[in-house]
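For reference, the chains in residue letters:
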Amino acid sequence: MTVYFIGAGPGAADLITLRGLNLLSSCGVCLYAGSLVPEELLESCPADARRVDTSTLTLDEITAEYEQAHRGGCDVARLHSGDPTLWSAVAEQMRRLDTLGIDYQLVPGVPAFTAAASSLGRELTVPEVGQTVVLTRVANRATAMPPGEDLATLGASGATIVLHLAAREIDRVVAELLPGYGPDCPAAVVAYASRSDERVLRGTLADIAEQVHQSGIVRTAVIIVSRVLTAASFPDSHLYSCARQELLASGGEST
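The model shown is predicted, which means the values in this text are computed figures rather than measured ones.

Rules of the game
Residues numbered from 1 in each chain as written. Predicted model: local features only at pLDDT ≥ 70, side-chain atom pairs only at ≥ 80, totals over all residues. Heavy atoms only, no water. Helix = DSSP H or I, 4+ residues; strand = E, 2+ residues; numbered from the N terminus. Buried < 20%, exposed > 50% of the residue type's maximum accessible area, 1.4 Å probe, protein only. Contact = heavy atoms within 4.5 Å. Lys, Arg positive; Asp, Glu negative; His and termini not counted. Charge placed at Lys NZ, Arg CZ, Asp CG, Glu CD. Pairing = 2+ DSSP bridges. Axes fitted to C-alpha atoms, helices over the stretch in contact; angles between N-to-C directions.

A.B. asks: A description of the overall build of the protein should follow, citing residues and the corresponding values.
C.D. replies: When you go through the protein residue by residue, the secondary structure sums to 9 helices and 10 strands. Dimensions of the protein, computed from C-alpha atoms along their principal axes, come out at roughly 60 × 55 × 35 Å. By the burial criterion, 43% of the 255 residues in the protein qualify as buried. At a minimum sequence separation of 6, the contacts of the protein that also span at least 24 residues come to 67%. Charge separation in the protein, taken as the distance between the mean sites of 18 positive and 30 negative side-chain charges, equals 4 Å.

As structure tokens, then:
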């Protein structure tokens, strides 16, 4: 049997990949991350599949489910919100599976930050404005951040900062980013990206914290701080330029 760590996407049920959906519909066991996974997706499980909400389970209890499925020869669809390679706590699950000799595969999903950028109608990499995106979080009640990964250090370059799991810490986020980005730097918060109850806040570092407090947003949100959010005057990219087409025609640049 195989455990498939499937990215369920950011919230909307139809944002799961075809591969993920096909695997979900063929596995005899489905472990899913509670309310973070759309209920509609569970309807794609086989009618006789065992469905287990892991939101209240410990790692040991989740591992026991894998072992039980392994003994029964049932493939497992392990649904995680967003993409399983980002803040999904799959590393420790895979470590347990390695020890048990149980096969597993990672199936990519649409991450929350790309859904948030889409809701904002913005590209996060704009020519000569921003070409680097830093994905990070802040330390709170969860795991501590490694040395050197504080916001002041990460933001020193002025790159686009995308924060997950940080809405409760919006005041600290703003305080740590203000010195490097300035109060006029555009900022946005997208909660429940792609879902029917999605909420979008737009502003600057000077006012975004107050907007968050007034909105009551405390979880399931992405914070984006960057000049790309309002960029209007920037050069066209080289990708579709006449100069590049001339180079391609002359054999000077490969496709």
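A.B. asks: Any details on the sheet that holds strand β7 (residues 160-164)? Residues and values, ideally.
C.D. replies: Pairing is mixed across the open sheet formed by 5 strands, whose spatial order is β6-β7-β10-β8-β9. Each end of this open sheet is capped by a strand with a single partner; those strands are β6 (133-136) and β9 (199-204). Geometrically, the sheet is characterised by an average inter-axis angle of 15° between neighbouring strands, direction not taken into account. Sheet topology note: the β7/strand β10 (residues 221-225) ladder contains 4 bridges and is antiparallel. By the bridge assignment, Leu163 is partnered in β10 with Ile223. Here helix α7 (residues 170-181) sits on the sheet in contact with β7 and β10, set at roughly 170° to β7. Docked against the sheet, helix α8 (residues 208-215) engages β8 (186-191) and β9, running at close to 155° with respect to β9.

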